[in-house]
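Examining the three-dimensional arrangement
So the chains spell out like this:
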Amino acid sequence: MSGPAAHPVSGPASHPISAPVGHPVEHTLGADGLEQGPGPAPWPVQHPMNAAPRNAAPPSTLPTHPASVAVAPPARMPSRPVTGIPTSAPPQSAPPAPLYVPAPERYPALDPPEPDDATTARDERRQKKRKPRRVRSRPPKEQKDRQAVHELELREIAGHLTFTRNDVTAWYHLPDIQWAFRADKERTSILLGIAAQYAALGGYRLHLRRTNRPYPAVGWARRMAALTPHPVPDVRGAPSWSDHLEAGQRRLHATSLAEGEVYLGVVFQRRTMREQMVETLNSLRKRGSGNAERARLEQLVGRFDEVLGAFGMQARPATSKQVEWLIHRSVALCMPPPPALSPAEAGGWETGDLLAFTEHTMRYRSPYGSTVKLLSRIGDEHVERHVAVLTFGRMEELSIPERHEPWLHFHEQLPWPMELSSRVDVLGQGDALRSLEHKLLTIRSQQRDYHEHEMDAPPELERLAQRALDISDEMSTGLDLDAARVHGWHRIAVSGRTEEECLKRVRALTDHYRSMRITLNHPRDQLRLLDEFIPGQPVANTGYLRRMPAKYFAAAIPQAAAAIGDRRGPIIGETCGTSHRPVMWDPHYATEVRERSGLTVFVAEPGGGKSTLMGGIAYLAARRGVQCTILDPSGPLARLATMPELAPYSKVYNLTRGEPGTLAPYGLIPTPRREHFASDESGTAEWNSAVAAARAERKALATDICMMLLPPQIQRERSSPILLQRAARQVEPEESATLDDLVAAVATFGEEGAELAETLGDVRDMPLSRLFFGRSTAQYGQDEAVLTIITMAGLALPDLSIDREFWQLEERMALPMLHLATAFTTRRAYGRAMSERKLVALDETHFLAGWGSGRALFTRLARDSRKWNIAALAASQNPVDILGLDVQNLVSTVFVGRIAEDPEIAAQALRMLGVQRGIGYENTLAQLSVADTQNDQRLGYREFVMRDVDGRVQKFRADLAYVAGLLEHLDTTADPLGDVGRNSGQEGDAR
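We now turn to the structure provided with this report. Being a predicted model, the structure only gives us computed values, none of them experimental.

1. So, the overall build of the protein chain
Helix and strand content of the protein chain: 27 helices and 29 strands. Out of the 991 residues belonging to the protein chain, those deemed buried represent 48%. Looking at the protein chain alone, contacts between residues at least 24 apart form 77% of all its contacts between residues at least 6 apart. Only carbon and sulfur atoms are counted for the fraction: they give 51% of the accessible area of the protein chain, which is about 49500 Å².

Structure (structure tokens):
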């Protein structure tokens, strides 16, 4: 004990009490644990008068203070007087209860003699010379903590670099390569570029990994909701907007629509003994590799960044999140992904942090099992999978890209996701020649053995020897690209929920590759083969080593993609080419994001599904609150207005029973509003130009309508168009003008003008002509209907290939009615604000190409769609109808259905798609939506080839079945038997 608190009886503060000679002196401890100097004595020096009596109780029976000293020191007479005590002791104050009772002494203490001045001075000098004794506190013993058991060879992750004990690997992310519907010349240039990049990595080992990432259905739904600020209000008893988003998510979860990701690791530096020692010392200090090592590796990393970032792979260094994702997916192979990655933004992982990759996954194997069982803990659930690893065996030469698909992308045609891992050594010219010479010497030795035993050598030995000589000559005299060789091991992992399901998929995959003349083997020691997929782990065994040129390995193309559309729009189907990917398409993505024209073209022969797909896209847009206007001359799309969720917000115009003046030409062209343009001088000039264009368009439209109403023999007269143009110049082209004003102006031009006016007056008396004459009282574009459908049900459309003299009266009236209905549709779009989303769907657009006003209207719709945020959908049976309007450069998206009747029409469709003609893609269009000739049931789906706004072309299958009741309302096929004649099980597919 130390300090005055433990001793209630003590001397004055200015005169500390010294202990008797021979007794230990206790020192007080400071805050740092070292003694600060002598403290008070462990017991008080008592005066004889205060000494305890001899008959006092034993020490064991005396009460003691809790802070008192337990054992009293033995009594000892001092050999000299005790100094430092004043002659007269100050009065003692009573201590608080309980009292401190010192231990009894054997002999009573004597009164100390009174010191003289010399003794006092000597003691003071000694006290000053005396140095306090420092007592050093011992640190606690080092705890022998249990070291963590690392199941991986990885020791550290720094950015896109992974460190093991012996090497370092730099990881790169390979972007997708659009492979489908490209010319062979373009594909070959890509393969040569990739092969040159592999050849530049001679002397290094590469680790090529392809994993998959489940499509983020929840993220898609959230983005859709964020981009749909004002969906149509919910209707009681009908599916709500939330139900619509939920149905889309279920559609994504119902299929294995996983997105592939490809990573390339380059093992580019073997660590020296000194670097290993530095890492070992740093690990004891909770640090990673040394700074000197990383600085020395930066030069090599920069070189690989330059080589792999060139044309071909166009690789980019992987981010820390991508490396983390790759290791998670490699340890828990074929398992569901982790719910979330590490929230830390730093790209470094120390050795102790790497346990996060292996703690949640356990592996079980049986001695003779064909699969490995993985059990992973994801949240509160335990997920079980059985995984089998196959290796590529014997392979024949493939003709890529002329005849075959990339051989490491061929598995994407199957409907379940798989994982790929390739460990390859890139040999330069010298290493490849030495390996080839060794093989040649082996062949010659076998030939000599046969000759010594007087036996005929097999002919394949001679063929192999000749092949080796040819390759050696090619490598010696050719380019570095021709000399580069790749030796490696290629694995593919298949999974299933049960072992039976996994082995069933193994057999299906083996048969799938057998059709490509590639052998897949199912080797033993599956657990070690499973470890090969993890970055940094060694190769399981050297069996099934595949040797090939760098060009052949470049033709594997695991990053070949089939992505199409955008990732923010509604679901319209899934790709059905070399892989299965969801197709989302937002009609306003081109105008709002890419700043391109909003014109989209649908082309297919009758029954190809263009009208159904266009109607489905219009429904999905109207569901999001977009103002949609559909021009459907035949009328079946009007059934969309009867769907419960859209019925209160839809309106149908049947022009065959419209009011007089409904299609007045002058009133159909809106006058541009000043508030729709910028407020500066440039906006004023643009507004004036738009007003002038609208006035000119009204004149042309009125003139064309009058020419269409005239009989064919009067149309051919030279004076008819001249008189109409002169009259149009006299009529002020305002919205309030009518055809009656134009006819009155024609009548003032002499006898010919009067006759022409009388002819137009006769036409005015016809029933359908009342739509063109007179003034309409309707306010176009001002109603609140979200979906507006304009139909002309019962109208007989003429055949443009027949001379107009043989047209019937109804056919003659159908053409101007359709023409003005197009302008009526356009008026609704231009009657709203420029920034507001609008959608205009036009069917039978081939009638617009025959007249100047129709071409002007269509061209204006294509040119102004970006500025006015209009998604214009145009459908036609012949692509020439669109190409003849000179708007090919304004088309942003193209959908082409089945075209099997005429190869020339198919060639024009390929031109619209931007695909090379004459190399066999015409047959691809003819094979779209082909029905089984052995089955008399209706085909339950429709296929299209789509080119999106980014220029990607892909084949996909339209799928709108997740929207309840939509396809039943869009079915345009006559079915007199109703549900009896439909193909059960295929009613939900797109028709």
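2. Considerations on the side chain of R385
Here R385 lies in strand β13 (residues 381-395). When neighbours within four sequence positions are excluded, R385 is seen to be in contact with C334, M335, P336, V372, K373, L374, G496 and R497.

3. Details of the packing of helix α3 (residues 217-226) against helix α4 (residues 241-254)
Contact geometry for α3 and α4: axes closest at 9 Å, N-to-C directions at 150°. By the criterion of interaxial angle, the relationship of α3 to α4 is roughly antiparallel. Like other packed secondary-structure pairs, α3 and α4 cross with a definite hand, here right-handed. Every residue of α4 that contacts α3 at A217, V218, W220, A221, M224 and A225 is listed here: W241, L245, G248, Q249, L252 and H253. Across the contact of α3 with α4, the residue classes tally to nine nonpolar, three polar and no charged.

4. Re the nonpolar core
Counting residues in hydrophobic clusters, the biggest one holds 89 residues, and the most contacted among them are L742, F772 and F858. In terms of residues, this core owes the most to one element, helix α22 (residues 809-830), which gives eleven residues. With sequence-adjacent residues up to four places away left out, L742 is seen in contact with Y666, A702, C706, L724, A727, A728 and V731. Core analysis: the second largest hydrophobic core is formed by 64 residues, W179, L398, I400 and Y552 among them.

5. Side note on the side chain of R251
By the element assignment, R251 lies in helix α4. Here R251 falls in the buried class, since its relative accessible area comes to 12%. A distance of 2.7 Å separates the side chain of R251 from the side chain of D959, its partner in a polar contact. Apart from residues lying up to four places away in sequence, R251 is in contact with L257, I571, E574, D959 and Y962.

6. A look at helix α20 (residues 739-746)
Buried within α20 are the following residues: L739, L742, V743, A745 and V746. In an axial view of α20, the angular spread of the buried residues amounts to 160°, which keeps them on one side of the axis. Where α20 is buried, its residues contact α16 (665-668), α17 (681-709), α19 (719-730) and α21 (750-764).

7. Section: a negative patch on the surface
On the surface, E717, E751, E752, E755, E758, D762 and D765 cluster together into a negatively charged patch. Considering the arrangement of structural elements, one finds E758 in helix α21.

8. A look at the environment of E836
With respect to the element layout, E836 can be found in the loop between α22 and β25 (838-842). Placed 210 residues apart in sequence, E836 and V626 show a C-alpha to C-alpha distance of 8.3 Å. The contact partners of E836, leaving out residues within four places of it in the chain, are Q627, W868 and N869.

9. Considering α3
When α3 is considered as a whole, its buried residues turn out to be A217, W220, A221 and M224. The arc enclosing the buried residues of α3, seen along the axis, measures out at 100°, which places them on a common side. Seen from the open side of α3, the exposed residues pointing more than 90 degrees away from its buried face are R222 and A226. Buried residues along α3 sit against α4, β19 (566-575) and β20 (582-584).

Analysis parameters
Residues numbered from 1 in each chain as written. Predicted model: local features only at pLDDT ≥ 70, side-chain atom pairs only at ≥ 80, totals over all residues. Heavy atoms only, no water. Helix = DSSP H or I, 4+ residues; strand = E, 2+ residues; numbered from the N terminus. Buried < 20%, exposed > 50% of the residue type's maximum accessible area, 1.4 Å probe, protein only. Contact = heavy atoms within 4.5 Å. Areas by Shrake-Rupley, 256 points an atom, 1.4 Å probe, with all protein chains shown as cover. Axes fitted to C-alpha atoms, helices over the stretch in contact; angles between N-to-C directions. Parallel < 35°, antiparallel > 145°, perpendicular 65-115°, else oblique. Left-handed = near helix turned anticlockwise from the far one by under 90°. Nonpolar A, V, L, I, M, F, W, Y, C, P; charged D, E, K, R; others polar. Core = buried A, V, L, I, M, F, W, Y, C linked by side-chain atoms within 4.5 Å. Polar contact = N/O pair within 3.5 Å; in protein donor to acceptor, adjacent residues only side chain to side chain. Arc of directions from axis to C-beta. Patch = residues over 30% accessible without salt bridge, like charges linked within 9 Å, V, L, I, M, F, W, Y side chains within 5 Å. Salt bridge = Lys/Arg side-chain N within 4 Å of Asp/Glu carboxyl O. Lys, Arg positive; Asp, Glu negative; His and termini not counted. Charge placed at Lys NZ, Arg CZ, Asp CG, Glu CD.

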